[in-house]
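# Report on the structure
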Amino acid sequence: MNILFIEYPHAHFQKQRKLVEAGHTVYTNWQDCEYYKKFNINTINFTNHWSQWTEDNCQEVIDKINELNITTVIVGLPTLYWLRDKMPEGVTYLGATQLAAEAEINKFTTRNAIADLGIKVIPIVAEGNTANIDFTPFTERPVVIKAKDTTNSARVLQVGQDTIAENYYKDLSVNEHYDYYIEQFLPNMKLEVEVYFCIANGKWSIYYSGELRGETERRDFISNAPDGAWTTTCTLHKIPDNLSAVVTANAKTFLNWLAPQGGNYTGSVNFAIDNNDDVYWIETNTREDAFSCLPLYFSGDVYLEAITSNPQKYIVDTTDWVFTTVVSTINNDPNQVYPLEMHDKYNIEYPNCLQYYNDTYHSYLGGVVIHSQGPLPSEFINKLTENNYVLI
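Quick summary incoming for the structure in this document. Since we're looking at a predicted model, the values are computed, not measured.

## With respect to helix 1 (residues 13-21)
In terms of burial, helix 1 is largely enclosed, as 8 of its 9 residues are buried. If you check which residues of helix 1 are buried, you get Phe 13, Gln 14, Lys 15, Gln 16, Arg 17, Lys 18, Leu 19 and Val 20. In the core, the buried residues of helix 1 are packed alongside strand 1 (2-6), strand 2 (25-28), strand 14 (264-274) and helix 7 (300-308). Of the residues flanking the end of helix 1, it is Gly 23, one or two places downstream, whose phi is positive at about 100°.

## A look at the sheet that holds strand 4 (residues 72-75)
Ordered by their spatial adjacency, 5 strands build an open sheet running 3-2-1-4-5, and the pairing between neighbours is parallel. The strands lining the two open edges of the sheet, one partner per strand, are strand 3 (42-43) and strand 5 (92-94). Here strand 1 runs beside strand 2; their pairing, made up of 4 bridges, is parallel. By the bridge assignment for strand 2, Asn 2 is matched with Thr 25. Across the sheet, helix 7 touches strand 1, strand 4 and strand 5, and the angle it forms with strand 4 is around 70°.

## What to know about the side chain of Glu 211
Checked against the element boundaries, Glu 211 lands in strand 12 (residues 203-213). If we ignore the near neighbours within four places in the chain, the residues touching Glu 211 are Leu 191, Glu 192, Val 193, Thr 235, Leu 236, His 237, Lys 238 and Ile 239.

What counts, and where the lines are drawn
Residues numbered from 1 in each chain as written. Predicted model: local features only at pLDDT ≥ 70, side-chain atom pairs only at ≥ 80, totals over all residues. Heavy atoms only, no water. Buried < 20%, exposed > 50% of the residue type's maximum accessible area, 1.4 Å probe, protein only. Helix = DSSP H or I, 4+ residues; strand = E, 2+ residues; numbered from the N terminus. Contact = heavy atoms within 4.5 Å. Pairing = 2+ DSSP bridges. Axes fitted to C-alpha atoms, helices over the stretch in contact; angles between N-to-C directions.

So, to be careful, I would describe these as geometric facts and stop short of saying anything about function.
Here it is as C-alpha cells:
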C-alpha cells in the first residue's frame, strides 16, 4: 500500500517504521524529518500548512494523493475530520469522525458528557472569553485555564502569575481569542495517568496505561511552553499496581461512550488521581501523543488490521515495559550528538524526535524517551552520559 499520514509533528513515527518494515510505502506531511530517511519514511512539503487547509482549499492535498497513488490516508488531526468526504474514489480514510473529533475539540461539552457517565470532573471556578479574561472573581491558585471549543493548549495559572497571564491574553490578536473555562487545581492530586487506546468501527481496546510526570510544570505562564515538546520536562512511569484497576474501570466507561461515535484511529485519554484514589477526567485526544514514543510490538500489517476492523489486535503485554527519559543538560546545544549506533548494538528500540545533520544524529526537542523491555544496559547508559550531554 501507499500510505499518507496527515498528523502533528512526529505523532506516528513508530507506526510508520513498522509499516515500512512490512513493505508499505509511507509518507508524512511533517517535513522536519531528515532522521526519517534512515527508515525510508518519505516526507511531503505541502505549500500550505495543514492549519490553513479548509474544505474549499485542499486541492493540493487531493492532487498529491492522486499523484502518489495513495491507497490509505491516516489522519491524526481532529480539525481535519472533513477530509473524509474529500477522498478520491477507492482511497481508504482512517481517522476520527466529526463526532469523535469534537470529543477532543469541544472539551467543555465533552466534560459535561463525561460527568453524566458518572466519571468525576474537576469543578469550574470561572468561564468567559479571553478577550475579557478576569481573574479577580476567584482567589484560589493554581487553576487550569482550558479552551471550551478550540484546540488551544491548557495553561496553569500559578500564584503570582496573574499579571503575566493577563498580558499574555491581551497580546492575542482579535481572531486568536477563544471561549474558556477555568478549573480548580486538585490540591491533593498525586498523579496524572495517560491511557492509549485503539478504536475501529465502534469497538475499542487499550494498548498502554502509564503515569505522566511533569506535565503541569511546563504549562504555567513562566515556563510558557505548553506548545513545546513534552519530552523537555515530562517523564513516563508505570502506574502503581494498586491504582491500575480503578484507572482501567474509568477508561472502559469512557471508551464505551466514545467508541460508538465512530472512526478508526488510536488516541489517548488523561485522568488525574487524588490522594483518596478518586479518578477525574482531564482530556482526550484523537492521537496517542504529539511525539509518539511508544514502539509497536507487532507488525505494520497488524496495526492496519487493528485500526481498520479489529482493535483487539492492538493489545500487547506491557508487564516488563521500562521507560527512560533522556533530557538535555546543555539547552539543546547543536553539538549534542546522540549515539544512535548504540541502539543497533544493543537491539534497543529507536527513539523518536531526533535530527540528522553533519553526518550525525542530534536530539532537539529537550530530550528523547527510550523504551526497553527490562533495564537498559549499563554501557549504553554510560555512553549517553559520558560527556554530560544528557541526564537520565
